[in-house]
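Spelled out, the chains give:
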Amino acid sequence: KANKVVGVQTSRGYIATNQVLSAVAGFTPRICKMVDLATPIIIQPLQACVTEPMKPWLDHILVSGSLHVYVSQSSRGELVMGAALDPYEMHSTRSSLEFVEGLSSHILDMFPFLSNVKIVRQWAGMADMTPDFAPIMGKTPIEGFYLDAGWGTWGFKATPISGKSMAATIAHDRAPDLIHSFRLSRFDEFELTGEKGAASVGH
Ligand SMILES: Cc1cc2nc3c(=O)[nH]c(=O)nc-3n(C[C@H](O)[C@H](O)[C@H](O)COP(=O)(O)OP(=O)(O)OC[C@H]3O[C@@H](n4cnc5c(N)ncnc54)[C@H](O)[C@@H]3O)c2cc1C
C-alpha cells in the first residue's frame, strides 16, 4: 500500500509485516507484478537429465566449454548431465526431446562408450535470467520489499553468502557493500555487472 509493504497473503493466511523478501526463482516476475515492481528478469528453462546407474568411472564434474555440456556421476552411479539454457522465454518445467538429443550427441563425442547407456529421467527448471547474468539483491523502490533473485543457472554455490547478505540487509534495512554491485538500480544507472562467465556452460 502506498509503495510500502504492510503484509503478505499466504496460502496459510495473512501475515501483517513491514518486511518481505522475495526469493522465488522462476516466479520472480509474477511476485514483483503483485507489488507493481518492474525488473528486467525473464524466465528461461534450464534442462538436465540422469542415466541409469553405472559402475563408478567419473570422479569429477566434467565440463566442456566448447560443447556446452557437463557431466558428473552421482554416488548412486547415475550420470547427471546438462547443457546451456533453452534459448527462449518460457514459464514451464516441460523438458524436450531436442534437449536430450543435442546433449547426448555432445556427450557421445566425448565418451563414445556411453552409447548404450539409457537415460531414465529428464526435467527442466525455471531460471530467473537478468540481462547481465548477475543476480539482483537488496532493497527495492517499494519500502520493505527486498529481492534476492536473478541467480540464473549458477545460484546453488552462492546460497550461503546470499542468505547471510540478505539477512543483514533486512536487519539493517541497508544492503552490505559486498552486494552493492547486484542492486536493482544498476539497470537504471547503466552500471551492469557482467557475470556471464560464472556458469560452467556458455549461454
Ligand atoms: C537443471 C538445473 C541445473 C542447475 N545446476 C546448477 C549448478 O550446477 N550449480 C549452481 O550453482 N546452480 C545450478 N542451477 C541453478 C540453481 O538451481 C538456481 O540458481 C538456484 O536454485 C536459485 O536459488 P533461489 O533460492 O533463487 O531459488 P530456488 O532454489 O528456485 O527456490 C525458490 C523457492 O521459492 C518457492 N516459491 C516459488 N513461488 C513461491 C511463492 N509464490 N510463495 C512461496 N514460495 C514460492 C519455490 O517452490 C522454491 O522452493 C541449476 C538449475 C537447474 C534448473
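Residues numbered from 1 in each chain as written. Predicted model: local features only at pLDDT ≥ 70, side-chain atom pairs only at ≥ 80, totals over all residues. Heavy atoms only, no water.

**Student:** An account of the nonpolar core is requested, with residue identities and associated values reported.
**Tutor:** Membership of the largest hydrophobic core comes to 14 residues, with the highest contact counts inside it found for Leu37, Ile136, Phe145 and Leu147. When residues of this core are assigned to their parent elements, the largest contribution, three residues, is made by strand β10 (residues 145-149). In this view, Ile136 contacts Thr39, Pro40, Ile41, Thr130, Leu147, Asp148, Ala149, Gly150, Phe182, Leu184, Arg186 and Phe187; residues no more than four positions away in its chain are not counted. (Core = buried A, V, L, I, M, F, W, Y, C linked by side-chain atoms within 4.5 Å. Buried < 20%, exposed > 50% of the residue type's maximum accessible area, 1.4 Å probe, protein only. Helix = DSSP H or I, 4+ residues; strand = E, 2+ residues; numbered from the N terminus. Contact = heavy atoms within 4.5 Å.)

**Student:** Please provide a residue-by-residue account of the pattern of salt bridges, values included.
**Tutor:** Within this structure, the stated rule accounts for seven salt bridges. A salt bridge links Asp177 to Arg174; the shortest N-O distance between them is 3.5 Å. Salt bridges here are not isolated pairs; linked through shared partners, they connect Arg76, Glu78 and Arg121. (Salt bridge = Lys/Arg side-chain N within 4 Å of Asp/Glu carboxyl O.)

**Student:** A description of the domain arrangement of the protein chain should follow, citing residues and the corresponding values.
**Tutor:** Structurally, the protein chain comprises domain 1 (7-41 + 131-196) and domain 2 (43-127). Of note, the centres of domain 1 and domain 2, computed from C-alpha atoms alone, are 29 Å apart. Taken together, the contact pairs eight residues of domain 1 with six residues of domain 2. Around 590 Å² of area is buried between domain 1 and domain 2 when both sides are counted, 73% of it from carbon and sulfur atoms. Interface area lost by domain 1 to domain 2 is led by Gly26, Arg30 and Thr153, which between them contribute 57%. Viewed at the interface, domain 2 and domain 1 are joined by zero salt bridges. Linking domain 1 to domain 2 there are zero residue pairs in polar contact (both at pLDDT 80 or more). In the side of domain 1 that touches domain 2, the residues fall into four nonpolar, three polar and one charged. (Domains from an automatic or database assignment. Buried area = accessible area lost by both parts, 1.4 Å probe. Polar contact = N/O pair within 3.5 Å; in protein donor to acceptor, adjacent residues only side chain to side chain. Nonpolar A, V, L, I, M, F, W, Y, C, P; charged D, E, K, R; others polar.)

**Student:** An account of the sheet that holds strand β3 (residues 20-22) is needed here, citing residue identities and associated values.
**Tutor:** Ordered in space as β3-β10-β9, the three strands form an open sheet in which the pairing is mixed. Both outer strands of the open sheet, β3 and β9 (136-139), are each paired with one neighbouring strand and no more. For this sheet, the mean inter-axis angle between neighbouring strands, taken without regard to orientation, is 20°. (Pairing = 2+ DSSP bridges. Axes fitted to C-alpha atoms, helices over the stretch in contact; angles between N-to-C directions.)

**Student:** Just give me the short version of the sheet that holds strand β5 (residues 62-64), but keep the residues and values in it.
**Tutor:** As summarised here, the arrangement of the five strands in space is β5-β6-β7-β4-β8, forming an open sheet in which the pairing is antiparallel. What marks the edges here is a single partner per strand, and that holds for β5 and β8 (119-129). Within the sheet, the average angular offset between the axes of one strand and its neighbour, ignoring direction, is 20°. Relative to strand β6 (residues 69-73), β5 is paired through three bridges, and the arrangement is antiparallel. Each bridged residue has a counterpart across the sheet, and for Leu62 the counterpart in β6 is Val71. Strands in contact with helix α2 (residues 97-110) are β4 (42-51), β5, β6, β7 (79-83) and β8; relative to β7, the strand with the most contacts, it is inclined by about 115°.

**Student:** Account for the side chain of Arg183, with residues named and values stated.
**Tutor:** Within the element layout of this structure, Arg183 appears in the loop between α3 (159-172) and α4 (186-189). Arg183 gets classed as buried once you look at its relative accessible area, which sits at 13%. At a separation of 2.9 Å, a polar atom in the side chain of Arg183 contacts the main-chain carbonyl oxygen of His180. Arg183 has contacts with Met137, Glu189 and Glu191, leaving out every residue within four places of it along the chain.

**Student:** How would you explain the layout of surface pockets if you had to name every residue and give the values?
**Tutor:** Space inside the largest pocket adds up to approximately 880 Å³. Elements supplying a minimum of two residues to the lining of the largest pocket: β4, β7, β8, β10 and α3. Of the residues forming the lining of the largest pocket, the biggest block, six residues, is contributed by β8. Of the residues assigned to the lining of the largest pocket, the class counts are 19 nonpolar, 10 polar and three charged. For the lining of the largest pocket, the two domains that each supply at least three residues are domain 1 (7-41 + 131-196) and domain 2 (43-127). Computed from the structure, the second largest pocket encloses a volume of approximately 390 Å³. In terms of lining residues, the second largest pocket is bounded by 17 residues, among which Gly7, Val8, Met34, Val35 and Phe145 are the most central. Elements supplying a minimum of two residues to the lining of the second largest pocket: β1 (7-10), β3 and α1 (28-34). (1 Å grid on protein atoms, 1.4 Å probe; cavity = no way out; pocket = protein on both sides within 12 Å on 5 of 7 lines; lining within 4 Å. Points joined across faces, edges and corners; volume = space filled by probe spheres on them.)

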